[in-house]
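Results of the structural survey
Residue-level listing of the chains:
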Amino acid sequence: MEEKTPKEILKVENLSIQFNGEEILKDINFTVNQGETLIILGPNGAGKTTLLKALLGLIPYKGKVVWKTKNISYLPPQELVQRKYLPPLTIEEFFKFKDVSDKKILKIFKEVGLDPLLLKRPFSAISTGQFQRMIIAWALVDDPDVLLFDEITYGIDIGGEETIYSLLHRFWEQRNLTILLVTHDLNVVYEHANNVLCLNKKKLCYGKPKRILTPKNLREVYGTGVKFYKHTHK
Amino acid sequence: MKLVLALIMGSFIGAAAGYLGTLMLSKRMALVAGPLGHLTLPGIALAFLFGFDVSIGAFVFVVLGIILIWLFEIRTKLPMEALTAVVFAIGVAITFLFIPEEKTIPALIGDISQLSPNVVIVTVILSLFIIFATKKFYKKVILVEISEDIAKAEGINVKKNNLLYLLCIALVVSLGARIVGGLMTAAIVAIPACTSRNISKNIFQYSLGGLILGSLSCIMGILAFNFTGFPAGLLIILSSAFLFLISLFFKR
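Residues numbered from 1 in each chain as written. Chains lettered and ligands numbered in written order. Predicted model: local features only at pLDDT ≥ 70, side-chain atom pairs only at ≥ 80, totals over all residues.

**Some remarks on the overall build of chain B**
- Across its full length, chain B carries 11 helices and zero strands.
- Listing each helix as α and each strand as β along chain B from the N terminus yields α-α-α-α-α-α-α-α-α-α-α.
- In summary, chain B has a C-alpha radius of gyration of 18 Å against a globular reference of 18 Å for 252 residues, a match within 12%.
- Here the C-alpha coordinates of chain B stretch approximately 55 × 45 × 30 Å along the principal axes.
- At a minimum sequence separation of 6, the contacts of chain B that also span at least 24 residues come to 75%. (Helix = DSSP H or I, 4+ residues; strand = E, 2+ residues; numbered from the N terminus. Rg over C-alpha atoms; globule rule 2.2 N^0.38 Å. Contact = placed C-beta atoms within 7 Å.)

Shown next, in the form of structure tokens:
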């Protein structure tokens, strides 16, 4: 079979962001191809979340961000999603915010392994693990081309975290999705990323995980005080 | 005839306030209607002095108050609620400097004895506008509450929505000031929403409940006013509170 040339879906050129005179990101350049999983890695305060927000056009920036699609789903870290002090919103009503059919909602619920009975439950009254799957289903229900997920497994225990990433991996395989993930977790990078972008205010490394994530590069990203993270395959 | 006009007007204002109130309660903004209601007082006082419609006076001053709060917030970065307290206190103090004594009670607790068909028609149109506008931004406001970033990424214009939302609040408060006065406007947005919250299990029931209960309280209050002669504003609030107490027995 003839191999297709990958189609570029995002191009970022000389992206710089400043807040109140402080430089958050400087001269970031990279491209993402359709069907690629790019993981954005870096310590706290490296500008990872800021980068995602700029890619979505939620904050002002200098430079160029060119998307070849408009069909993008974004999820912030779970702790930033408000679940309390809301009106009596049911999960079903939350999905209906997106104007999708019942059939589609039921289908995606099955795909993420959730019981359709949960649809009648209040938005605020499902467990953290169920909420995680539910919100991923919400992000996927209107068939996006691209997922931008920011630390979505924050606050989830290790077992749960692995399941969420394998779930995403399954969708990635089935749907030819392009995924941009922000994470601290090097395990996730090794197992799921095609490319990795290491940040600490500026681009420190970019490329295939196995080639890029050298002890030297990691020390540069996380600083000399951080112990090197040893990755083991089970 | 006067009773019919009052019932039509009351039921529409009550419905609009109750419906919008369900959104304000979920945004924990229900109490904001209190100080904003007090802000209507200088406008109502001026309307009495110069003989124009009280809702127009009320609206101008509420909008002026909101703009002042907004400007103060940009300048001082103080919390919005603290600045609301500053602005509404100024409004109340100014009102009592010049309001004629015999007009104090109507300004504070409302007056529906002087209604013309034109006023009722305009009020009905404005109430319908509030209901339709609220329906349009209802889901969006809730999504913004859940996560502003998700909402923006979904293409929601948050600033435009907030502006429309504030405009509807200003309108409801100004219309409400006519029937329940500047003192108790918070009640017509907060009580029906609280009652509806007690008996509903999803957004659809909750928002529709607020609309129906808001309208029903106004109808009950105005009918009670017709029989007893006590001020309608007070009776509307008490009817609303009565429905709230009943809802406690059915709380889900």
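**A look at the overall build of chain A**
- Along chain A, the regular secondary structure elements total eight helices and nine strands.
- Per-residue burial over chain A gives 34% buried out of 234 residues. (Buried ≥ 20, exposed ≤ 12 C-beta atoms within 10 Å, placed from the backbone.)

**Re the nonpolar core**
- If you look at the biggest cluster of nonpolar residues, it comprises 137 residues, and the most contacted ones within it are A:I40, B:L20, B:I169, B:V172 and B:V189.
- With 12 residues, the single largest contributor to this core is helix α1 (residues 2–26) of chain B.
- What B:I169 contacts, discounting residues up to four positions off in sequence, is B:L20, B:M24, B:A33 and B:L36. (Core = buried A, V, L, I, M, F, W, Y, C linked by C-beta atoms within 7 Å.)

**Structural notes on the confidence of the model for chain B**
Residue and element names in this part refer to chain B.
- For chain B, per-residue confidence averages 90 on the pLDDT scale, and residues scoring 70 or more make up 98% of the total.
- Taken element by element, chain B is modelled with least confidence in helix α5 (residues 104–109), mean pLDDT 84, and with most confidence in helix α10 (residues 203–228), mean pLDDT 96.
- On the interface metric, ipTM, the complex scores 0.85, and its pTM is 0.87. (pLDDT = per-residue confidence, 0-100.)

**Digging into the interface of chain B and chain A**
- Facing the 19 residues of chain B at the interface are 17 residues of chain A.
- Breaking the side of chain B that touches chain A down by element, the ones donating at least two residues are α1, α6 (117–146), α7 (148–153) and α10 of chain B.
- With five residues, α6(B) is the largest single contributor of residues to the side of chain B that touches chain A.
- Grouping the amino acids of the side of chain B that touches chain A by side-chain chemistry returns seven nonpolar, five polar and seven charged. (Nonpolar A, V, L, I, M, F, W, Y, C, P; charged D, E, K, R; others polar.)

**A few points about the environment of B:A186**
Residues and elements named next belong to chain B.
- In this structure, A186 sits in helix α9 (residues 185–199).
- Assessed through the 23 C-beta atoms surrounding it within 10 Å, A186 is described here as buried.
- For the pair A186 and F250, spaced 64 residues apart in the sequence, the C-alpha separation amounts to 24 Å.

**Points about unusual backbone geometry**
- Although it is not a glycine, A:D143 adopts a positive phi angle of roughly 50°.
- If you check the backbone angles, B:K77 has positive phi at about 60° while not being a glycine.

**A short note on the pairing of strand β2 (residues 22–33) of chain A**
All names here are of chain A.
- As defined by bridge partners, strand β1 (residues 8–19) adjoins β2 across eight bridges and the pair is classed as antiparallel. Each bridged residue has a counterpart across the sheet, and for F19 the counterpart in β2 is E22.
- In this antiparallel pair of consecutive strands, β1 and β2, the connection spans two residues, and N20 shows a positive phi of 45°. (Pairing = 2+ DSSP bridges.)

**Some thoughts on the packing of helix α2 (residues 33–50) of chain B against helix α4 (residues 80–98) of chain B**
Residues and elements named next belong to chain B.
- In the contact formed by α2 and α4, the axes pass within 8 Å of each other and the chain directions differ by 30°. Relative to α4, the element α2 lies roughly parallel. Both α2 and α4 take part in a crossing whose hand is left-handed. Side by side, α2 and α4 meet where P35, H38, L39, L41, P42 and A45 of the first sit next to T84, A85, V87, F88, G91, V92, I94, T95 and F98 of the second.
- Partitioned by chemical class, the residues of the contact of α2 with α4 number 11 nonpolar, four polar and no charged. (Axes fitted to C-alpha atoms, helices over the stretch in contact; angles between N-to-C directions. Parallel < 35°, antiparallel > 145°, perpendicular 65-115°, else oblique. Left-handed = near helix turned anticlockwise from the far one by under 90°.)

**Looking at the environment of B:V60**
- Tracing the backbone through its elements, the reader meets B:V60 in helix α3 (residues 54–76).
- Separated by 19 residues in sequence, B:V60 and B:P79 have C-alpha atoms that sit 23 Å apart.

**Brief notes about the environment of A:L177**
All names here are of chain A.
- The topology assignment puts L177 in the loop between α5 (158–175) and β7 (178–183).
- Looking at L177, the number of C-beta atoms within 10 Å reads 20, which means it is buried.
- Not counting the four nearest positions on each side in its chain, L177 is found in contact with L147, F171 and W172.

**A word on helix α8 (residues 158–180) of chain B**
- Taking 1.5 Å per residue, 23 residues should reach 33 Å; α8(B) reaches 32 Å between its end C-alpha atoms and fits that length.
- Phi turns positive one or two residues past the end of α8(B), at B:G181, with a value near 85°. (Expected span 1.5 Å × (residues − 1).)

**Details of the pairing of strand β6 (residues 146–150) of chain A**
All names here are of chain A.
- When you tally the buried positions in β6, you get five out of five residues, the bulk of the element.
- As judged from the four bridges shared by strand β5 (residues 72–75) and β6, these two strands associate in the parallel manner. Its bridge partner being in β6, I72 is matched across the sheet by V146.
- Bridging between β6 and β7 involves five bridges; their strand directions are parallel. Bridge pairing in β7 places L147 opposite I179.

**Observations regarding the packing of α1(B) against α9(B)**
Residue and element names in this part refer to chain B.
- Contact geometry for α1 and α9: axes closest at 7 Å, N-to-C directions at 70°. If you check the angle between α1 and α9, you find them roughly perpendicular. Relative to α9, α1 is oriented so that their crossing is right-handed. On α9, the residues that touch G14, A17, G18, L20, G21, T22, M24 and L25 of α1 are I188, V189, A190, P192, A193, C194, S196 and R197.
- Taken together, the residues of the contact of α1 with α9 sort by class into 10 nonpolar, five polar and one charged.

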